[in-house]
Amino acid sequence: PDQLIRKSIKHGFCFNILCIGETGIGKSALVSSLFNTDFEDSPSTHFLSSVRLRAQTFELLESNVLLKLTVVKTVGFGDQMNKADTYQPIVDYVDAQFEAYLEEELKVIRSLFSYHDTRIHVCLYFISPTGRSLKTIDLLTMRSLDSKVNIIPVIGKADSISKNELQDYKKKIMSELASNGIRIYQFPTDDETVSEINTITNGYLPFAVVGSMEKVKIGNKMVRARQYPWGIVKVENENHCDTIKLRRMLCTNMEDLKEKTRAYYESYRRCRLETLGCRDIGPENKSVSLQEVIEAKRLEFCLEVERKEEEIKQRFVQRVKEKATMLEEAEQQVLTKCEHLTLMRQEEELKLGEKKKLLEDDKAHFVEKKAVTKSIQSQVSSVSSPV
Ligand code: GDP
């Protein structure tokens, strides 16, 4: 046991939290309050066209134990006019972490021990403190995630709802979740060391949480609290809110949350490998091993590539043929035009030749006439002059 403890402490622990909730519901304040650390984060706007996820990893050290904490927060959740696919980026993100782990696992040279596992261990789902029913977006999002992550519903900014209203609201939320078939994380009751506390805590679900970035001096102690004109809400006071219960339950059930995450991952892995055509070697399907599947896939891929190559070649030849026909037609057209122009030129030359001959005849006739006129004139002048 000592060796195991030493090894675990040296290696440290890793824990990944996904916080889903509307912008400004108090996600950042709660995470800071849970880990009693002010995590740097810029406030997000209400004007994003789609939901995004922002992941930040922090290293927290307490009593020589290192915790690698990854906090993933939704940005722009519930801010769009069309909320139909709001949950899709979140589902894709959760799947992407499973896929990354699967890829590492399937590597020839793998290093799972030092690999930064980003699979989500717990999802804190923030419900608005309206006191009314759950919103459709809440039901849809939780339903699309309940087979992939451990969902712990929390009522954000619970200091804005009265004590009696809060109890009714909690009951209403739990009955709506049950009637819509949404499975949320139940703290395990089968381990006798924690069964009693976990049974009681399950009764507090959904946790009514209050978070604060501020510390207020009460007596001679600085405590996280929210100060109002009428009083102070202490984050760590169990009579004021359930934040401390949530922290305690996360710490005591961290291993169970991780184990359940491994179970979610197993079902993701099984589906993925089955869609890839992998089957286990067993008495009933002896002939199919992973190597055979990979070989079959490789062959299938090669055939597909060959088929595509042939298709591209055929298309190329067809296009070259079409272009050649087009060029031939154009050439023929140019030749016809050329012939036509040559004929026209020849005709024109013929006409001009005829005109030239006529002009030359005219000219000869004129010269002849001129000579005759000249001789007549000289005869006339010799007759009329006095001797
Ligand atoms: P995020 O956008 O969900 O991360 O919300 P923030 O944690 O940044 O909080 C948004 C605003 O709500 C800030 O002004 C916080 O001080 C305030 N806020 C956070 N938690 C609580 C809470 O539990 N109760 C009340 N009344 N206000 C809170």
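Up top is the structure.
Below is a short write-up of the structure. (Residues numbered from 1 in each chain as written. Predicted model: local features only at pLDDT ≥ 70, side-chain atom pairs only at ≥ 80, totals over all residues. Heavy atoms only, no water.)

## A word on the overall build of the protein chain
Applicable threshold: Each helix is a run of H or I in the DSSP string that is no shorter than four residues. Each strand is a run of E no shorter than two, and both are numbered from the N terminus. C-alpha atoms define the radius of gyration, and 2.2 Å times the number of residues to the power 0.38 defines the globule rule. To sort residues, take the accessible area from a 1.4 Å probe on protein chains only and compare it with the maximum for the residue type: under 20% means buried, over 50% means exposed, and anything in between is partly exposed. Should any heavy atoms of two residues lie within 4.5 Å, those residues are counted as being in contact. Calculation of accessible area relied on Shrake-Rupley with a 1.4 Å probe; when residues are assessed, cover is drawn exclusively from the protein chains displayed. For this count, His and the chain ends are skipped, Lys and Arg are scored as positive, and Asp and Glu as negative. Charge placement uses NZ in Lys and CZ in Arg. For Asp and Glu, CG and CD serve respectively.
Summing up its helical and strand segments, the protein chain has nine helices and nine strands in all. Taking 2.2 N^0.38 as the reference for a compact globule, 387 residues should give roughly 21 Å; the C-alpha atoms of the protein chain span a radius of gyration of 45 Å, well beyond that estimate. Along the first, second and third principal axes, the C-alpha set of the protein chain runs to 170 × 70 × 45 Å. Out of the 387 residues in the protein chain, the part that is buried amounts to 35%. Considering only intrachain contacts with a sequence separation of at least 6, the fraction spanning at least 24 residues in the protein chain is 67%. Here the protein chain displays about 25800 Å² of accessible surface, and carbon together with sulfur accounts for 56% of that area. Of note, the protein chain has its 58 positive side-chain charges centred 5 Å away from the centre of its 58 negative side-chain charges.

## Brief notes about the packing of aromatic side chains
For any pair of aromatic rings, the description rests on two quantities: the centre-to-centre distance and the angle between the ring planes. Our working definition: Side-chain rings of Phe, Tyr and Trp, where Trp is taken by its six-membered ring, are said to pair if the distance between their centres is within 6.5 Å; with planes under 30 degrees apart they count as stacked, over 60 as edge-to-face, and otherwise as tilted. Look at NZ for Lys and CZ for Arg. If either is within 6 Å of the ring centre and within 35 degrees of the ring normal, a charge sits over the ring.
Evaluated as defined, the whole model comprises eight aromatic pairs. Judged by centre distance (5.9 Å) and plane angle (50 degrees), the rings of Phe98 and Tyr265 are tilted. One end of the pair, Phe98, is in helix 3 (residues 88-106); the other, Tyr265, is in helix 8 (residues 254-275), and 167 residues separate them in sequence. For the pair formed by Phe98 and Tyr265, the shared burial category is buried. Ring geometry for Tyr185 and Phe187: centres 5.2 Å apart, planes at 85 degrees, overall edge-to-face. Each member of the pair Tyr185 and Phe187 is classed as buried. Taken together, Phe98, Tyr101, Tyr115, Tyr265 and Tyr268 form an aromatic cluster joined through their ring pairs. Lying over the aromatic face of Tyr101, Arg119 brings its terminal NZ or CZ to 3.6 Å of the ring centre.

## Describing the packing of helix 3 against helix 4 (residues 136-145)
The cut-off we apply is this: Between the N-to-C directions of two axes lies an angle of 0 to 180 degrees, each axis being a line fitted to C-alpha atoms and, for a helix, fitted only over the stretch in contact. Under this scheme an angle from 65 to 115 degrees is roughly perpendicular, one under 35 degrees roughly parallel, and one over 145 degrees roughly antiparallel; angles in between are oblique. By convention the crossing between two helices is left-handed if the near helix lies anticlockwise of the far one by an angle smaller than a right angle, and right-handed if it lies clockwise. Here the term charged refers only to Asp, Glu, Lys and Arg, the term nonpolar to Ala, Val, Leu, Ile, Met, Phe, Trp, Tyr, Cys and Pro, and the term polar to all other amino acids, Gly among them.
Helix 4 packs onto helix 3 with a crossing angle of 20 degrees between their chain directions and a minimal axis gap of 10 Å. The orientation of helix 3 with respect to helix 4, classified from their angle, is roughly parallel. Of the two elements, helix 3 crosses helix 4, and the hand of that crossing is right-handed. Residues Ile90, Val91 and Val94 of helix 3 pack against Thr141, Ser144 and Leu145 of helix 4. Its residues placed into classes, the contact of helix 3 with helix 4 shows four nonpolar, two polar and no charged.

## Details of the site of the ligand
Note the following rule: Whether a residue is near a molecule or strand depends on its heavy atoms: it is near if one of them lies within 4 Å of it. Pairing of N or O atoms within 3.5 Å defines a polar contact, subject to two protein rules: one partner must be a possible hydrogen donor and the other a possible acceptor, and residues neighboring in sequence count only if both atoms are side-chain atoms.
Close to the ligand lie 14 residues; Gly24, Lys27, Ser28, Ala29 and Asp159 are nearest. In this structure, an oxygen atom belonging to the ligand sits 2.6 Å away from a side-chain N or O atom of Ser28. Here Lys157 contributes a side-chain N or O atom positioned 3.2 Å from an oxygen atom of the ligand. Compared with its free state, where it exposes 570 Å², the ligand has 72% of that area covered by protein. Of all the elements in the fold, those that place two or more residues in the shell around the ligand are helix 2 (27-34) and strand 8 (221-228). When residues of the shell around the ligand are assigned to their parent elements, the largest contribution, three residues, is made by helix 2. Its residues placed into classes, the shell around the ligand shows four nonpolar, five polar and five charged.

## Thoughts on the side chain of Asp256
Its location among the elements puts Asp256 in helix 8. In this structure Asp256 touches Tyr185 and Pro188, once residues within four positions along its chain are discounted.

## Thoughts on the environment of Glu322
Tracing the chain through its elements places Glu322 in helix 9 (residues 290-384). Sequence separation between Glu322 and Ser147 is 175 residues; the distance between their C-alpha atoms is 56 Å.

## A short note on the pairing of strand 4 (residues 122-127)
Put simply, the test is: Here the rule is simple: two strands pair whenever DSSP picks up at least two bridges between them. A crossover counts as right-handed when, viewed with the strands pointing away from the observer, the path leading from the first strand over the helix to the second turns clockwise.
Burial of strand 4 is extensive: six of the six residues sit out of reach of the surface. Relative to strand 5 (residues 151-155), strand 4 is paired through five bridges, and the arrangement is parallel. In the strand pairing of strand 5, Leu124 is matched with Ile152. Handedness of the crossover joining strand 4 and strand 5 through helix 4 is recorded here as right-handed.

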